[in-house]
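Residue-level listing of the chains:
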Amino acid sequence: MKVDVRTTDGEPMSWQHATLPVGSALRIAPAFVARTEDPESGLETTLHARYEASFGRYVNGEVANRALRPDIEVNNRTLREVPIQGVMQAAAPRCIALTLDSETDPAATWLTAADLAKAKGRIIPQWLAKDVVQRGNKQERMDVIEILYGTAALAGLPPVKAVQEELGVPHRTASDWIKKARAAGRLEGMTYIVGRQANG
């Protein structure tokens, strides 16, 4: 799904717009506007989302739909085809910034979660995943868990599954590492409600 993600001022979203610290390793855009066109349903969907600390994730504040062709009527049947959660899941990683360098280093390279995933098809590099699993460096592991959990939870995706897939560990291990990261205060401001429908 191709989604155009912008700031609430209409600028294309980039890592520089991620100004709100969440957890200890992530910065997020406080709000965004995402727009997508679905040629199959004939609808354009625009959603306005904002980070809501009490929810620990992005929430939709407004959704607008418009017919792209004269033969499409916006009604209850066509609106059932609107993938609101899919738009959110595609947009949120573009609003989350992180660095694998020291955050205090002025030369640190910052990327959006979407840029990082696009670069290698993953949220974190393979070498880092392998290192975190094999060596068990607690600080490095906590950093990685925070990045993976935060990226998934803020986008409305299951964080345990993201940790499993990125690190190649069983569900039980992923859950345990997430519990330890939460107990260490690394997941402040991020929440995922188990059972929330991923397909909106």
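Peer 1: Can you help me understand the overall build of the protein chain in this one?
Peer 2: Assigned secondary structure in the protein chain consists of 7 helices and 8 strands. Relative to its length of 200 residues, the protein chain is compact, with a C-alpha radius of gyration of 18 Å against a globular reference of 16 Å. The principal-axis extents of the C-alpha atoms in the protein chain amount to approximately 60 × 40 × 30 Å. Counting over 200 residues, the protein chain shows a buried share of 44%. For the protein chain, the computed accessible surface area is about 10,800 Å², with 51% contributed by carbon and sulfur atoms.

Peer 1: Sorry if this is basic, but what is going on with the pattern of salt bridges here?
Peer 2: Any two side chains of opposite charge can pair, so long as their charged atoms come close to each other. Within this structure, the stated rule accounts for 9 salt bridges. A single network of salt bridges, built from pairs that share partners, joins Arg-35, Glu-37, Glu-44 and Arg-66.

Peer 1: Explanation requested: the packing of helix α5 (residues 138-154) against helix α6 (residues 159-167) in the structure shown.
Peer 2: Helices that pack against each other are described as a pair by the angle of their axes relative to one another and the distance between those axes. Running from N to C, α5 and α6 point in directions that differ by 130°, and their axes come no closer than 8 Å. As summarised for this structure, α5 and α6 are arranged oblique, according to the angle between their axes. Of the two elements, α5 crosses α6, and the hand of that crossing is right-handed. Every residue of α6 that contacts α5 at Val-144, Ile-145, Leu-148, Tyr-149, Ala-152 and Ala-153 is listed here: Pro-159, Ala-162, Val-163, Glu-166 and Leu-167. A class-by-class count of the residues in the contact of α5 with α6 yields 10 nonpolar, no polar and 1 charged.

Peer 1: Looking at this structure, I do not really get the sheet that holds strand β4 (residues 31-38). What am I missing?
Peer 2: Sheet strands line up and pair through hydrogen bonds in the backbone, either parallel or antiparallel. Taken in spatial order, the 4 strands make up an open sheet running β1-β4-β5-β6, and their pairing is antiparallel. Every other strand in the sheet has two partners, leaving β1 (4-6) and β6 (57-67) as the edge strands with one partner each. When strand polarity is set aside, the average angle formed by the axes of neighbouring strands in this sheet is 20°.

Peer 1: In this structure, what is going on with the side chain of Thr-7? I would like to understand it.
Peer 2: With respect to the helices, strands and loops of the structure, Thr-7 is situated in the loop between β1 and β2 (20-22). With near-sequence residues (within four places) excluded, Thr-7 lies in contact with Met-13, His-17 and Val-33.

Peer 1: Help me understand helix α7 (residues 171-183) in this model?
Peer 2: Quick reminder: α-helices carry 3.6 residues per turn. Residues three or four places apart thus point the same way. Across its 13 residues, α7 extends 18 Å between first and last C-alpha, which sits within 8% of the 18 Å expected from 1.5 Å per residue. Along α7, the positions that sit buried rather than exposed are Ala-174, Ser-175, Trp-177, Ile-178 and Ala-181. Burial along α7 is one-sided: seen end-on, the buried residues are contained in an arc of 165°. Of the exposed residues in α7, those oriented more than 90 degrees away from the buried face are Arg-172, Lys-179 and Ala-183. Turning to α7, the residues buried within the fold contact α4 (126-135), α5 and α6. Remark: Gly-185 follows α7 within two positions and exhibits a positive phi of approximately 80°.

Peer 1: What's the story with the sheet that holds strand β8 (residues 110-112) in this structure? I'm lost.
Peer 2: Read from one edge of the open sheet, 4 strands run β2-β3-β7-β8, paired in antiparallel fashion. Each edge of the open sheet carries a strand with a single partner, namely β2 and β8. Neighbour-to-neighbour, the strand axes of the sheet open up by a mean angle of 35°, direction not taken into account.

Peer 1: Just to check I follow, could you spell out the nonpolar core for this structure?
Peer 2: Nonpolar side chains in soluble globular proteins tend to be buried together. Counting 47 residues, the largest nonpolar core has Val-5, Phe-32, Ala-34, Tyr-58, Ile-124, Val-163 and Leu-167 as the members making the most contacts within it. Broken down by element, the residue count for this core peaks at 8 residues, all from α5. Among residues more than four places away in sequence, those in contact with Ala-34 are Val-3, Asp-4, Val-5, Thr-45, Thr-46, Leu-47, Val-87 and Ala-91.

Peer 1: Before we go on, may I ask you to explain the environment of Gly-10 in this structure?
Peer 2: Residue position: Gly-10 is located in the loop between β1 and β2. The class of Gly-10 is partly exposed, set by a relative accessible area of 36%. A sequence separation of 23 residues divides Gly-10 from Val-33, and the C-alpha atoms of the two residues are 7.9 Å apart.

Thresholds, definitions, all that
Residues numbered from 1 in each chain as written. Predicted model: local features only at pLDDT ≥ 70, side-chain atom pairs only at ≥ 80, totals over all residues. Heavy atoms only, no water. Helix = DSSP H or I, 4+ residues; strand = E, 2+ residues; numbered from the N terminus. Rg over C-alpha atoms; globule rule 2.2 N^0.38 Å. Buried < 20%, exposed > 50% of the residue type's maximum accessible area, 1.4 Å probe, protein only. Areas by Shrake-Rupley, 256 points an atom, 1.4 Å probe, with all protein chains shown as cover. Salt bridge = Lys/Arg side-chain N within 4 Å of Asp/Glu carboxyl O. Axes fitted to C-alpha atoms, helices over the stretch in contact; angles between N-to-C directions. Parallel < 35°, antiparallel > 145°, perpendicular 65-115°, else oblique. Left-handed = near helix turned anticlockwise from the far one by under 90°. Contact = heavy atoms within 4.5 Å. Nonpolar A, V, L, I, M, F, W, Y, C, P; charged D, E, K, R; others polar. Pairing = 2+ DSSP bridges. Expected span 1.5 Å × (residues − 1). Arc of directions from axis to C-beta. Core = buried A, V, L, I, M, F, W, Y, C linked by side-chain atoms within 4.5 Å.

Function cannot be inferred from these measures alone, as they are strictly geometric.
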